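Structure at a glance
Here is how the chains run, residue by residue.
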Amino acid sequence: MKPLSIPTRPRSPLRSAPPTTVFKRQFAILPFDLPRPGWYVAVNPVGGIPALADDGMVLAESNAILRYLAAREQRDDLYPGHLRDRAAVDEFLDRWALTFRPAFFRFEVPALGFVAGRGMGGGPPDPAALPAIAEAIAPTLRMLDGLVDPSGPALGRFTIADVSAAPVLYRTMHTRLDLSPYPNVERWRDSLIARKAFIAADPVL
Ligand SMILES: N[C@@H](CCC(=O)N[C@@H](CS)C(=O)NCC(=O)O)C(=O)O
C-alpha cells in the first residue's frame, strides 16, 4: 500500500514546473506569486495550492484530494467506508478547514510575515502583534483541545483528518505558538510530526 504524501513547499522559490511535469508526477511545486502561471490556472481555475493530477483526472481542494487518495488506495482506516465513522472524519475536516485552521493562520500571518500572493516570508514578521493574537485565538484553541482525543490522533485513530491538520500543526514549531495550554493539541502535533511518513515528506514550513 502506497503511503499518502503531504504536499510541501520548496525551501526556496522555484520556477513553476511545466504542465507535462505535472501530469507525469502526482505533485508539482509552484511559487506562491500571483498571478499563478497560466498552466496552473488551467489545472485549478481557483488558483489555490494544492491540485492533484492523477492519470488525466485533475482535482483541487486539499480535503477533496485526501478523500480521493484514501478511497483510491482503499484505505478504509484513513477514510472509513462505514457511514457514521466517515461522518465523524468529515465533520472534523470541516471544522478544521472552517474554524480551527483560520485561527492558526491569524497567528501565522505576523509570525511568518505572510503576504497574500507572496506567501510566508513575503514580508517582515511582526512579533509585537503575536501576544494579542495568541490571546484572541485562545478560546478557539481551547475548543479544539476539547475535541482532540487524548490518545494522540484527533479521532483516536489516524485518519485523513490528521493528515489535513499536520502541516498547520507542524508550522507551530516555526511560529512558536505556545501549545502547552492545549495539551491534547500539543500531543496531537507531536505524535503527527514524529510519524515516519511526515518526516519523509520533508516539510519546510
Ligand atoms: N481550500 C483550499 C485552500 C488552498 C490554499 O489557499 N492554499 C494555499 C497554500 S496552503 C495557497 O494557495 N496560498 C497562496 C495564496 O493564497 O496565494 C485547499 O484546501 O486546497
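Note that the structure is predicted; figures quoted are calculated from it, not measured.

The rules we used
- Each chain carries its own residue numbering, running from 1 in the direction its sequence is written.
- Per-residue local features are limited, in this predicted model, to residues with pLDDT of at least 70; the limit for side-chain atom pairs, both in listing and counting, is 80 or more; totals at the level of whole chains, interfaces and linings are taken over all residues.
- For every residue, the predictor assigns a confidence score, pLDDT, that lies between 0 and 100.
- A pair of residues counts as a contact when their C-beta atoms, built from backbone coordinates, are separated by no more than 7 Å.
- Axes here mean lines fitted to C-alpha atoms, for a helix over just the part in contact, with angles spanning 0 to 180 degrees between N-to-C directions.
- Comment: elements are numbered from the N terminus, with helices defined as DSSP H or I runs of at least four residues and strands as E runs of at least two.
- An angle below 35 degrees is treated as roughly parallel, one above 145 as roughly antiparallel, one from 65 to 115 as roughly perpendicular, and anything else as oblique.
- The crossing is said to be left-handed when, going from far helix to near helix, the turn is anticlockwise and less than a right angle, and right-handed when the turn is clockwise.
- Here the term charged refers only to Asp, Glu, Lys and Arg, the term nonpolar to Ala, Val, Leu, Ile, Met, Phe, Trp, Tyr, Cys and Pro, and the term polar to all other amino acids, Gly among them.
- Exposed residues have 12 or fewer other C-beta atoms within 10 Å of their own C-beta, buried residues have 20 or more, and residues in between are partly exposed; the C-beta atoms are placed from the backbone.
- Think of a nonpolar core as buried Ala, Val, Leu, Ile, Met, Phe, Trp, Tyr and Cys residues chained together by C-beta atoms that fall within 7 Å.
- By definition, a residue lies near a molecule or strand provided its backbone-derived C-beta atom is within 6 Å of it.

Turning to the confidence of the model for the protein, a few remarks are in order. Here the protein averages 87 in pLDDT, and 86% of its residues register 70 or above. Residue range residues 1-24 is modelled with pLDDT below 50. Its contacts to residues more than four positions away, or to other chains, number 43 contacts.

With that out of the way, let us pick up the packing of helix α5 (residues 130-147) against helix α7 (residues 183-193). Working note: a packed helix pair is described by the angle between its axes plus the distance between those axes. It is the contact of α5 with α7, at a shortest axis distance of 7 Å, that shows an interaxial angle of 70 degrees. Relative to α7, the element α5 is oriented roughly perpendicular. For the pair α5 and α7, the sense of crossing is left-handed. Facing α5, whose interface residues are Leu-141, Leu-144 and Asp-145, α7 presents Pro-183, Asn-184 and Val-185. Grouping the amino acids of the contact of α5 with α7 by side-chain chemistry returns four nonpolar, one polar and one charged.

Moving on: unusual backbone geometry. Residues Ile-49 and Pro-50 are joined by a peptide bond in cis, for which omega reads 15 degrees. By the element assignment, Pro-50 lies in the loop between α2 (38-43) and β1 (51-54). Positive phi, close to 75 degrees, is recorded for Glu-61, a residue that is not glycine. Relative to the elements of secondary structure, Glu-61 occurs in the loop between β2 (57-60) and α3 (62-72). By C-beta crowding, Glu-61 is classed as partly exposed, having 16 other C-beta atoms within 10 Å. Look at Arg-176: it is not a glycine, yet its phi comes out positive at around 65 degrees. By the secondary structure assignment, Arg-176 is in the loop between α6 (160-175) and α7.

To continue, consider the nonpolar core. Ile-160 and Ala-161 are the most contacted members of the largest nonpolar core, which has 36 residues in total. Among the elements that take part in this core, helix α4 (residues 83-112) stands out by supplying nine residues, more than any other. With residues near it in sequence (within four places) discarded, Ile-160 still touches Leu-66, Arg-67, Ala-70, Leu-78, Tyr-79 and Val-89.

Further remarks concern the packing of α6 against α7. One can describe the packing of α6 onto α7 by two numbers: an axis separation of 9 Å at closest approach and a directional angle of 100 degrees. For the element pair α6 / α7, the angle class is roughly perpendicular. Each of Asp-162, Ala-166, Leu-169, Tyr-170 and Thr-172 in α6 lies in contact with α7, whose residues at this interface are Trp-188, Arg-189, Leu-192 and Ile-193. Along the lines of polarity and charge, the residues of the contact of α6 with α7 split into six nonpolar, one polar and two charged.

Quick look at the site of the ligand now. Around the ligand, the structure places Phe-32, Leu-34, Gly-48, Ile-49, Pro-50, Glu-61, Ser-62, Asn-63, Ala-116, Gly-117 and Gly-119. Per-class residue counts for the shell around the ligand are five nonpolar, five polar and one charged.

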